[in-house]
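# Understanding the architecture of this molecule
The chain contents come next:
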Amino acid sequence: MKKIGIITKLRNNEAVAAARDLSVWLKEKDCEVYLDNEAASELDIEGYKRSDIPPLVDMIVVFGGDGTLLSAARLVGDSGVPILGVNLGGLGFITEVPIGKVYTAIEGILSGNYYIEERLMLTTHIHRENEKLADYDVLNDVVINKGALARIIDMDTYINKIYVTTFKADGLILATPTGSTAYSLSAGGPIIYPTLNAFVLTPICPHTLTNRPIVLPDDCLVEIVLNSKNEDVFITLDGQAGFSLRYKDIVEIKKSPTKIRLLACPDKDYFSILRTKLKWGER
(Lines give C-alpha, C1' and ligand atoms only; values in the text may rest on other atoms or scores of the structure.)
Protein backbone atom coordinates (compact mmCIF):
# COMPACT_ATOMS: atom_id res chain seq x y z
CA MET A 1 0.00 0.00 0.00
CA LYS A 2 1.73 3.11 -1.25
CA LYS A 3 -1.17 5.51 -1.84
CA ILE A 4 -2.60 6.68 1.47
CA GLY A 5 -5.64 8.90 1.96
CA ILE A 6 -6.05 10.88 5.20
CA ILE A 7 -9.42 12.16 6.42
CA THR A 8 -9.64 14.22 9.61
CA LYS A 9 -12.29 15.22 12.10
CA LEU A 10 -13.59 18.64 11.08
CA ARG A 11 -12.35 21.68 12.98
CA ASN A 12 -10.12 19.61 15.25
CA ASN A 13 -6.59 20.89 15.78
CA GLU A 14 -5.32 17.58 17.15
CA ALA A 15 -6.52 15.74 14.04
CA VAL A 16 -4.89 18.31 11.74
CA ALA A 17 -1.59 18.09 13.61
CA ALA A 18 -1.67 14.29 13.52
CA ALA A 19 -2.41 14.34 9.78
CA ARG A 20 0.50 16.74 9.16
CA ASP A 21 2.99 14.59 11.07
CA LEU A 22 1.78 11.38 9.45
CA SER A 23 1.98 12.94 5.98
CA VAL A 24 5.65 13.83 6.51
CA TRP A 25 6.40 10.35 7.87
CA LEU A 26 4.65 8.59 4.97
CA LYS A 27 6.41 10.68 2.34
CA GLU A 28 9.74 9.68 3.89
CA LYS A 29 8.68 6.10 3.19
CA ASP A 30 7.98 6.95 -0.48
CA CYS A 31 4.20 6.88 -0.06
CA GLU A 32 1.84 9.18 -1.90
CA VAL A 33 -0.42 11.10 0.48
CA TYR A 34 -3.90 12.42 -0.31
CA LEU A 35 -5.01 14.76 2.47
CA ASP A 36 -8.55 16.11 2.69
CA ASN A 37 -9.11 19.77 1.77
CA GLU A 38 -10.22 20.78 5.27
CA ALA A 39 -6.96 19.71 6.93
CA ALA A 40 -4.83 20.80 3.96
CA SER A 41 -6.21 24.34 4.11
CA GLU A 42 -5.17 24.58 7.76
CA LEU A 43 -1.65 23.51 6.76
CA ASP A 44 -1.57 25.73 3.65
CA ILE A 45 -0.86 22.80 1.35
CA GLU A 46 -2.69 21.18 -1.56
CA GLY A 47 -5.54 18.88 -0.60
CA TYR A 48 -8.30 16.82 -2.15
CA LYS A 49 -12.07 16.82 -1.95
CA ARG A 50 -13.07 14.06 0.47
CA SER A 51 -15.33 12.30 -2.02
CA ASP A 52 -12.46 12.23 -4.57
CA ILE A 53 -10.01 10.45 -2.26
CA PRO A 54 -11.29 6.81 -2.25
CA PRO A 55 -10.71 6.09 -5.98
CA LEU A 56 -7.16 7.44 -5.73
CA VAL A 57 -5.81 5.45 -2.80
CA ASP A 58 -5.01 1.96 -1.48
CA MET A 59 -6.19 2.74 2.05
CA ILE A 60 -7.62 5.59 4.11
CA VAL A 61 -6.51 6.68 7.57
CA VAL A 62 -9.23 8.43 9.58
CA PHE A 63 -8.24 10.70 12.48
CA GLY A 64 -11.17 11.37 14.79
CA GLY A 65 -13.82 9.29 16.47
CA ASP A 66 -16.48 6.85 15.38
CA GLY A 67 -18.55 9.67 13.85
CA THR A 68 -15.70 10.68 11.55
CA LEU A 69 -15.21 7.07 10.50
CA LEU A 70 -18.94 6.65 9.80
CA SER A 71 -18.87 9.64 7.45
CA ALA A 72 -15.75 8.25 5.76
CA ALA A 73 -17.49 4.89 5.32
CA ARG A 74 -20.27 6.56 3.35
CA LEU A 75 -17.65 8.21 1.13
CA VAL A 76 -15.92 4.89 0.48
CA GLY A 77 -19.20 3.19 -0.45
CA ASP A 78 -18.69 0.14 -2.63
CA SER A 79 -15.14 1.04 -3.70
CA GLY A 80 -13.71 -1.54 -1.30
CA VAL A 81 -10.95 0.76 -0.03
CA PRO A 82 -9.97 -0.38 3.50
CA ILE A 83 -10.12 2.11 6.37
CA LEU A 84 -7.90 2.44 9.45
CA GLY A 85 -9.63 4.30 12.27
CA VAL A 86 -7.41 6.26 14.67
CA ASN A 87 -9.07 7.30 17.94
CA LEU A 88 -8.23 10.73 19.27
CA GLY A 89 -9.25 9.93 22.80
CA GLY A 90 -13.04 9.51 23.01
CA LEU A 91 -15.11 6.36 23.43
CA GLY A 92 -14.43 4.84 20.02
CA PHE A 93 -15.31 1.24 19.18
CA ILE A 94 -14.62 1.40 15.43
CA THR A 95 -11.62 3.72 15.62
CA GLU A 96 -9.71 1.11 17.55
CA VAL A 97 -6.10 2.34 17.10
CA PRO A 98 -5.12 4.88 19.79
CA ILE A 99 -3.27 7.95 18.55
CA GLY A 100 -0.11 6.89 20.39
CA LYS A 101 0.15 3.67 18.37
CA VAL A 102 -0.69 4.94 14.90
CA TYR A 103 2.88 4.71 13.54
CA THR A 104 3.36 1.17 14.83
CA ALA A 105 0.05 0.16 13.27
CA ILE A 106 0.79 1.74 9.88
CA GLU A 107 4.35 0.37 9.88
CA GLY A 108 2.82 -3.08 10.25
CA ILE A 109 0.29 -2.42 7.48
CA LEU A 110 2.98 -1.20 5.08
CA SER A 111 4.94 -4.40 5.76
CA GLY A 112 1.87 -6.59 5.26
CA ASN A 113 1.22 -7.34 8.94
CA TYR A 114 -2.53 -6.73 9.09
CA TYR A 115 -5.89 -8.28 8.36
CA ILE A 116 -9.17 -6.88 7.08
CA GLU A 117 -12.55 -7.18 8.77
CA GLU A 118 -15.60 -6.86 6.54
CA ARG A 119 -18.51 -5.19 8.30
CA LEU A 120 -22.18 -5.53 7.39
CA MET A 121 -24.05 -2.40 6.29
CA LEU A 122 -27.80 -1.80 6.08
CA THR A 123 -29.60 -0.10 3.25
CA THR A 124 -32.71 1.92 4.08
CA HIS A 125 -35.54 3.06 1.81
CA ILE A 126 -38.25 5.47 2.90
CA HIS A 127 -41.57 5.26 1.06
CA ARG A 128 -44.40 7.79 1.17
CA GLU A 129 -47.62 7.27 -0.79
CA ASN A 130 -46.00 4.75 -3.16
CA GLU A 131 -43.07 7.08 -3.82
CA LYS A 132 -39.50 6.34 -2.72
CA LEU A 133 -38.29 9.46 -0.90
CA ALA A 134 -34.71 8.45 -0.18
CA ASP A 135 -32.30 5.61 0.32
CA TYR A 136 -29.24 5.42 2.53
CA ASP A 137 -26.53 2.94 3.49
CA VAL A 138 -25.53 2.89 7.16
CA LEU A 139 -22.71 1.21 9.05
CA ASN A 140 -24.10 1.73 12.56
CA ASP A 141 -27.85 2.13 12.80
CA VAL A 142 -31.20 3.39 11.63
CA VAL A 143 -33.19 5.10 14.39
CA ILE A 144 -36.86 6.07 14.40
CA ASN A 145 -37.47 8.40 17.31
CA LYS A 146 -40.16 10.70 18.61
CA GLY A 147 -39.65 14.41 19.10
CA ALA A 148 -39.17 15.98 22.52
CA LEU A 149 -42.86 16.79 23.03
CA ALA A 150 -44.40 13.84 21.16
CA ARG A 151 -46.26 11.02 22.88
CA ILE A 152 -45.40 7.34 22.54
CA ILE A 153 -45.54 6.37 18.87
CA ASP A 154 -47.03 3.29 17.20
CA MET A 155 -44.89 1.41 14.68
CA ASP A 156 -46.36 -1.57 12.82
CA THR A 157 -43.42 -3.92 12.22
CA TYR A 158 -43.11 -6.66 9.61
CA ILE A 159 -40.28 -9.13 9.02
CA ASN A 160 -40.18 -10.78 5.59
CA LYS A 161 -43.74 -9.47 5.02
CA ILE A 162 -44.99 -11.22 8.17
CA TYR A 163 -46.59 -9.00 10.82
CA VAL A 164 -44.61 -9.10 14.08
CA THR A 165 -46.20 -6.51 16.37
CA THR A 166 -47.06 -2.86 16.76
CA PHE A 167 -44.34 -1.40 18.93
CA LYS A 168 -45.66 1.32 21.23
CA ALA A 169 -42.45 3.04 22.28
CA ASP A 170 -40.32 6.15 22.10
CA GLY A 171 -38.74 4.67 18.99
CA LEU A 172 -36.94 1.76 17.34
CA ILE A 173 -33.30 1.10 16.53
CA LEU A 174 -32.13 -1.19 13.73
CA ALA A 175 -28.42 -1.74 14.39
CA THR A 176 -25.68 -3.67 12.64
CA PRO A 177 -23.16 -5.68 14.67
CA THR A 178 -20.85 -2.65 14.39
CA GLY A 179 -23.64 -0.42 15.73
CA SER A 180 -24.66 -2.82 18.48
CA THR A 181 -22.24 -1.08 20.87
CA ALA A 182 -23.70 2.36 20.10
CA TYR A 183 -27.25 3.64 20.73
CA SER A 184 -28.69 0.11 20.73
CA LEU A 185 -26.48 -0.90 23.66
CA SER A 186 -27.60 2.10 25.72
CA ALA A 187 -31.22 1.14 24.98
CA GLY A 188 -30.67 -2.36 26.37
CA GLY A 189 -29.66 -4.18 23.19
CA PRO A 190 -27.10 -7.01 23.07
CA ILE A 191 -23.49 -6.80 21.95
CA ILE A 192 -23.15 -8.63 18.64
CA TYR A 193 -19.75 -9.87 17.47
CA PRO A 194 -18.82 -7.46 14.66
CA THR A 195 -18.42 -9.97 11.82
CA LEU A 196 -21.66 -11.90 12.44
CA ASN A 197 -24.23 -11.93 9.63
CA ALA A 198 -27.01 -10.50 11.77
CA PHE A 199 -28.57 -7.28 12.99
CA VAL A 200 -30.72 -6.29 15.95
CA LEU A 201 -34.06 -4.54 16.38
CA THR A 202 -34.16 -2.68 19.69
CA PRO A 203 -37.22 -0.80 21.00
CA ILE A 204 -36.56 2.47 22.85
CA CYS A 205 -38.44 2.67 26.16
CA PRO A 206 -41.30 0.37 25.07
CA HIS A 207 -44.69 0.78 26.74
CA THR A 208 -44.91 -3.01 27.05
CA LEU A 209 -41.94 -4.19 29.06
CA THR A 210 -42.01 -7.63 27.42
CA ASN A 211 -40.99 -6.01 24.10
CA ARG A 212 -37.32 -6.95 24.04
CA PRO A 213 -34.54 -6.63 21.43
CA ILE A 214 -34.68 -9.17 18.59
CA VAL A 215 -31.58 -10.44 16.80
CA LEU A 216 -32.31 -11.21 13.14
CA PRO A 217 -30.39 -12.95 10.35
CA ASP A 218 -29.01 -10.54 7.80
CA ASP A 219 -31.21 -11.85 4.97
CA CYS A 220 -34.35 -10.45 6.63
CA LEU A 221 -36.40 -7.60 5.23
CA VAL A 222 -37.75 -5.32 7.96
CA GLU A 223 -40.60 -2.92 7.23
CA ILE A 224 -41.81 -0.38 9.75
CA VAL A 225 -45.03 1.59 9.15
CA LEU A 226 -45.53 4.72 11.21
CA ASN A 227 -49.06 4.44 12.59
CA SER A 228 -49.22 7.61 14.68
CA LYS A 229 -50.93 10.81 13.53
CA ASN A 230 -49.94 14.35 14.47
CA GLU A 231 -46.71 13.38 16.21
CA ASP A 232 -43.18 14.64 15.65
CA VAL A 233 -41.26 11.58 14.47
CA PHE A 234 -37.80 11.52 12.91
CA ILE A 235 -35.54 9.01 11.25
CA THR A 236 -31.78 9.35 11.67
CA LEU A 237 -29.13 7.37 9.85
CA ASP A 238 -25.79 6.77 11.55
CA GLY A 239 -26.70 9.79 13.67
CA GLN A 240 -25.60 12.09 10.85
CA ALA A 241 -28.46 12.32 8.35
CA GLY A 242 -32.23 12.21 8.57
CA PHE A 243 -35.57 13.92 8.25
CA SER A 244 -39.15 13.93 9.55
CA LEU A 245 -41.53 11.03 9.00
CA ARG A 246 -45.27 11.28 8.39
CA TYR A 247 -48.26 9.08 9.17
CA LYS A 248 -48.20 5.85 7.11
CA ASP A 249 -44.61 6.35 5.90
CA ILE A 250 -42.87 3.03 5.39
CA VAL A 251 -39.24 2.48 6.40
CA GLU A 252 -37.73 -0.53 4.65
CA ILE A 253 -34.44 -1.92 5.96
CA LYS A 254 -32.34 -4.80 4.62
CA LYS A 255 -28.74 -5.85 4.18
CA SER A 256 -26.75 -3.63 1.87
CA PRO A 257 -24.82 -5.26 -0.99
CA THR A 258 -21.88 -3.13 0.18
CA LYS A 259 -19.58 -4.10 3.04
CA ILE A 260 -17.07 -1.77 4.69
CA ARG A 261 -13.54 -3.11 5.05
CA LEU A 262 -11.73 -2.09 8.24
CA LEU A 263 -7.99 -2.56 8.70
CA ALA A 264 -7.09 -4.32 11.92
CA CYS A 265 -3.78 -5.15 13.57
CA PRO A 266 -2.95 -8.68 14.79
CA ASP A 267 -2.15 -7.45 18.31
CA LYS A 268 -5.72 -6.14 18.75
CA ASP A 269 -8.74 -8.28 19.48
CA TYR A 270 -12.40 -7.36 19.90
CA PHE A 271 -12.65 -8.50 23.50
CA SER A 272 -9.71 -6.37 24.60
CA ILE A 273 -11.50 -3.39 23.07
CA LEU A 274 -14.67 -4.25 24.99
CA ARG A 275 -12.72 -4.67 28.24
CA THR A 276 -11.06 -1.29 27.76
CA LYS A 277 -14.06 0.71 26.56
CA LEU A 278 -16.68 -0.83 28.85
CA LYS A 279 -14.30 -1.21 31.81
CA TRP A 280 -15.11 -4.89 32.30
CA GLY A 281 -13.52 -6.39 35.39
CA GLU A 282 -13.05 -3.04 37.12
CA ARG A 283 -14.53 -2.18 40.50
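See the structure shown above.
Residues numbered from 1 in each chain as written. Predicted model: local features only at pLDDT ≥ 70, side-chain atom pairs only at ≥ 80, totals over all residues. Heavy atoms only, no water.

## Brief notes about the overall build of the protein
Looking only at helices and strands, one finds six helices and 17 strands in the protein. The C-alpha radius of gyration computed for the protein amounts to 20 Å, which stays within 12% of the reference 19 Å derived for 283 residues, consistent with globular compactness. C-alpha atoms of the protein, sized along the principal axes, occupy 60 × 45 × 35 Å. When burial is assessed residue by residue, the protein has 51% of its 283 residues classed as buried. Look at the contacts in the protein between residues 6 or more apart in sequence, and 66% of them connect residues 24 or more apart. Here the protein displays about 13,600 Å² of accessible surface, and carbon together with sulfur accounts for 49% of that area. Seen as two clouds, the 31 positive and the 37 negative side-chain charges of the protein have centres 4 Å apart. (Helix = DSSP H or I, 4+ residues; strand = E, 2+ residues; numbered from the N terminus. Rg over C-alpha atoms; globule rule 2.2 N^0.38 Å. Buried < 20%, exposed > 50% of the residue type's maximum accessible area, 1.4 Å probe, protein only. Contact = heavy atoms within 4.5 Å. Areas by Shrake-Rupley, 256 points an atom, 1.4 Å probe, with all protein chains shown as cover. Lys, Arg positive; Asp, Glu negative; His and termini not counted. Charge placed at Lys NZ, Arg CZ, Asp CG, Glu CD.)

## Description of the sheet that holds strand 8 (residues 141–146)
Across the sheet, six strands lie side by side as 13-12-11-8-15-16; this open sheet has antiparallel pairing. The open sheet is flanked by strand 13 (214–217) and strand 16 (241–245), the only strands paired with a single partner. Across this sheet, the average inter-strand angle for adjacent strands is 15°, counted without regard to direction. With four bridges joining them, strand 12 (residues 198–204) and strand 13 adopt antiparallel strand pairing. Of the residues in strand 13, the one forming a bridge with Ala 198 is Pro 217. (Pairing = 2+ DSSP bridges. Axes fitted to C-alpha atoms, helices over the stretch in contact; angles between N-to-C directions.)

## Here we look at the packing of aromatic side chains
Using the criterion set out here, one finds six aromatic pairs in the structure. Joined through ring pairs, the aromatic side chains of Tyr 193, Tyr 270 and Phe 271 make up one cluster. (Phe/Tyr/Trp six-rings, centres within 6.5 Å; stacked < 30°, edge-to-face > 60°.)

## Focus: a nonpolar patch on the surface
Taken together, the side chains of Ile 191, Tyr 193, Leu 196, Phe 271 and Trp 280 make up a nonpolar region of the molecular surface, amounting to roughly 480 Å² of accessible area. As for its placement among the helices and strands, Phe 271 is situated in helix 6 (residues 270–278). For Phe 271, a relative accessible area of 44% puts it in the partly exposed group. (Patch = residues over 30% accessible without salt bridge, like charges linked within 9 Å, V, L, I, M, F, W, Y side chains within 5 Å. Salt bridge = Lys/Arg side-chain N within 4 Å of Asp/Glu carboxyl O.)

## Comments concerning unusual backbone geometry
The phi dihedral of Cys 205 falls on the positive side, at around 45°, and the residue is not glycine. Along the chain, Cys 205 turns up in the loop between strand 12 and strand 13. Although it is not a glycine, Lys 279 sits at a positive phi angle of roughly 60°.

## Remarks on the side chain of Thr 123
Mapped onto the elements, Thr 123 comes out in strand 6 (residues 115–128). Side-chain polar atoms of Thr 123 contact the side chain of Asp 137, separated by 3.0 Å. Among residues more than four places away in sequence, those in contact with Thr 123 are Tyr 136, Asp 137, Glu 252, Ile 253, Lys 254, Lys 255 and Ser 256. (Polar contact = N/O pair within 3.5 Å; in protein donor to acceptor, adjacent residues only side chain to side chain.)

## Details of the pattern of salt bridges
Under the criterion given, the structure shown has ten salt bridges. Taking the shortest distance from any N to any O, the salt bridge between Arg 20 and Asp 21 comes out at 3.1 Å. Residue Arg 20 is classed as partly exposed on the basis of its relative accessible area of 40%. You can call Asp 21 partly exposed: its relative accessible area is 37%. With a shortest N-O distance of 2.9 Å, Glu 223 and Lys 161 are connected by a salt bridge. With Glu 223 in strand 14 (residues 222–226) and Lys 161 in the loop between strand 9 (153–159) and strand 10 (162–169), this pair connects stretches of sequence that are 62 residues apart.

## Things to note about the packing of helix 1 (residues 13–28) against helix 4 (residues 102–110)
Across the interface, helix 1 lies against helix 4 with an axial gap of 12 Å and an inter-helix angle of 35°. In this structure, the crossing between helix 1 and helix 4 has a hand that is right-handed. Mapping the contact onto sequence places Asp 21, Leu 22, Trp 25 and Leu 26 in helix 1 and Tyr 103, Ile 106, Glu 107 and Leu 110 in helix 4. Per-class residue counts for the contact of helix 1 with helix 4 are six nonpolar, no polar and two charged. (Left-handed = near helix turned anticlockwise from the far one by under 90°. Nonpolar A, V, L, I, M, F, W, Y, C, P; charged D, E, K, R; others polar.)

## Describing the nonpolar core
Where a protein is soluble and globular, its nonpolar side chains tend to be buried together. In terms of nonpolar packing, the biggest core is built from 27 residues, with Ile 6, Leu 22, Leu 26, Val 61, Phe 63, Leu 84 and Ile 106 touching the most fellow members. Of all the elements, helix 1 adds the most residues to this core, at seven residues. Residues contacting Leu 22, with those up to four places away along its chain left out, are Ile 6, Val 61, Phe 63, Tyr 103 and Ile 106. (Core = buried A, V, L, I, M, F, W, Y, C linked by side-chain atoms within 4.5 Å.)

## Description of helix 4
Residues of helix 4 that are buried: Val 102, Ala 105, Ile 106, Gly 108 and Ile 109. Seen along its axis, helix 4 keeps its buried residues to an arc of 155°; they face one direction. On the buried face of helix 4, the contacting elements are helix 1, strand 3 (59–64), strand 4 (83–87), strand 5 (97–98) and strand 17 (250–264). Immediately beyond the C-terminal end of helix 4, within one or two residues, lies Gly 112, with a positive phi of roughly 90°. (Arc of directions from axis to C-beta.)

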